[in-house]
Amino acid sequence: MWRRLTAFGLLTFLPACGGAEDPGALRSPDREVAATDAASEAGSPSSPAASQSAVSTTDISRERGVVLFLGTSLTEGYGLDNAREHAFPARVQARIDRAALPFRVVNAGVGGDTSAGGLRRLEWLLRMPVRVLVIELGANDGLRGQDVDALRGNLLAVIGQTRARYPEVEILLAGMQAPPNLGQRYTESFRAVFPQVAREADVALIPFLLEDVGGIRELNQPDGIHPSVEGHEIIAETVWTSLEPVLRRIDGR
């Protein structure tokens, strides 16, 4: 749940999401950073170093499976001085390296993305040989009070498209919760989407991505919604608890 989301949390949670372009989104001042990184990984024709990136990605992927994190500014590491090092996907990579597991994390988090936005980006990202997909989508759907059935449909579509491209892919879905000011009926319906999708699609569920972080002032940046370095470290451990057994099973250990 959004632990200890007191008056302070509500006051910071909502204004921090504002903006003339998209009020209510977990926004990044540079939405293209993560997308550009992912483009380089995928060898997108729009990338200046596309051909070189495509070759290097192919070579590396023969030895290391790609763990793709598809998400929002939470995944992107919005507001961190060094997101490449401190965002939770990077901290997961550090755990992978310490465990000597042959996997490489790709951070495809983009600030402001909804589940529909993540779905639109997916085909391009699947140019990479994805072995594990971690889905962190829905936070912005919840902040905007968007239809939960649409969220469910988008998440199922992400899973379906990924499996169609890579039948052996392992998928983890990160659970999210809507802020309590949206009303009990909506917040309960929103929260229920993630376990429902996990059961229907038979994917692993990370019950709540922001467990022990969401709503805790000292683990978040001044906006009250984006985790601090310490918060990202806790999120990485939450993800790792679910991801590590999957990676070890794939690796045959």
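This text follows the structure it describes.
Just so you know, these numbers come straight off a predicted model, no measurement behind them. (Residues numbered from 1 in each chain as written. Predicted model: local features only at pLDDT ≥ 70, side-chain atom pairs only at ≥ 80, totals over all residues. Heavy atoms only, no water.)

A. Seen up close, the sheet that holds strand β5 (residues 204-206). Within the open sheet, the 5 strands sit side by side as β2-β1-β3-β4-β5. Their pairing is parallel. The two strands at the open ends of the sheet, each matched to only one other strand, are β2 (103-109) and β5. Averaged over all adjacent pairs, the angle separating strand axes in this sheet is 20 degrees, with direction ignored. Taken together, the 6 bridges between strand β1 (residues 65-71) and strand β3 (residues 130-136) define a ladder with parallel strand orientation. Note on β3: the bridge partner recorded for F69 is V134. Across the sheet, helix α9 (residues 148-165) touches β1, β3 and β4 (170-174), and the angle it forms with β3 is around 175 degrees. Contacts from helix α11 (residues 229-251) reach β1, β2, β3, β4 and β5 within the one sheet, and its direction differs from that of β4 by about 175 degrees. (Pairing = 2+ DSSP bridges. Helix = DSSP H or I, 4+ residues; strand = E, 2+ residues; numbered from the N terminus. Axes fitted to C-alpha atoms, helices over the stretch in contact; angles between N-to-C directions. Contact = heavy atoms within 4.5 Å.)

B. Representation of the packing of helix α7 (residues 115-125) against α9 in the model. For the pair α7 and α9, interaxial distance at closest approach is 9 Å and the crossing angle is 15 degrees. Taken together, α7 and α9 sit at an angle that is classed as roughly parallel. Along this stretch, α7 crosses α9, giving a crossing that reads as left-handed. Facing S115, A116, L119, L122 and E123 of α7, the residues of α9 in contact are L151, N154, A157, V158, Q161, T162 and R165. Looking at the contact of α7 with α9 residue by residue, the class counts come to 6 nonpolar, 4 polar and 2 charged. (Parallel < 35°, antiparallel > 145°, perpendicular 65-115°, else oblique. Left-handed = near helix turned anticlockwise from the far one by under 90°. Nonpolar A, V, L, I, M, F, W, Y, C, P; charged D, E, K, R; others polar.)

C. Focus on the pairing of β1. Most of β1 sits inside the fold, with 7 of its 7 residues counted as buried. Burial of β1 is two-sided: the residues G65, V67, F69 and G71 facing one way and the residues V66, L68 and L70 facing the other way are all buried. Relative to β2, β1 runs parallel, the two being bridged by 7 bridges. Residue V66 lies in a different strand from β2, and its bridge partner there is R104. (Buried < 20%, exposed > 50% of the residue type's maximum accessible area, 1.4 Å probe, protein only.)

D. Highlighting the pairing of β4. Taken across its 5 residues, β4 has 4 buried, putting it largely inside the fold. As paired elements, β3 and β4 share 4 bridges and run parallel to each other. Paired with L133 across the bridge in β4 is I171. Where β4 and β5 come together, 3 bridges link them in parallel fashion.

E. Examining the pattern of salt bridges more closely. Per the counting criterion, the structure on display carries 7 salt bridges. Residue D113 pairs with R121 through a salt bridge whose shortest N-O separation is 2.6 Å. The buried category is assigned to R121, whose relative accessible area is 13%. (Salt bridge = Lys/Arg side-chain N within 4 Å of Asp/Glu carboxyl O.)

F. Representation of the packing of aromatic side chains in the model. Summed over the entire model, instances satisfying the criterion amount to 3 aromatic pairs. Ring centres of F69 and F88 lie 5.8 Å apart, and the angle between their planes is 75 degrees; this geometry places the pair in the edge-to-face category. With F69 in strand β1 and F88 in helix α6 (residues 88-98), the pair connects residues that are 19 residues apart, well separated along the chain. The two residues F69 and F88 agree in class, both being buried. A centroid spacing of 5.5 Å and a plane angle of 65 degrees characterise the contact between F190 and F194, whose relative ring orientation is edge-to-face. Residue F190 and its partner F194 are located together in helix α10 (residues 184-201), separated by 4 residues, close to a single helical turn. The two residues F190 and F194 agree in class, both being buried. (Phe/Tyr/Trp six-rings, centres within 6.5 Å; stacked < 30°, edge-to-face > 60°.)

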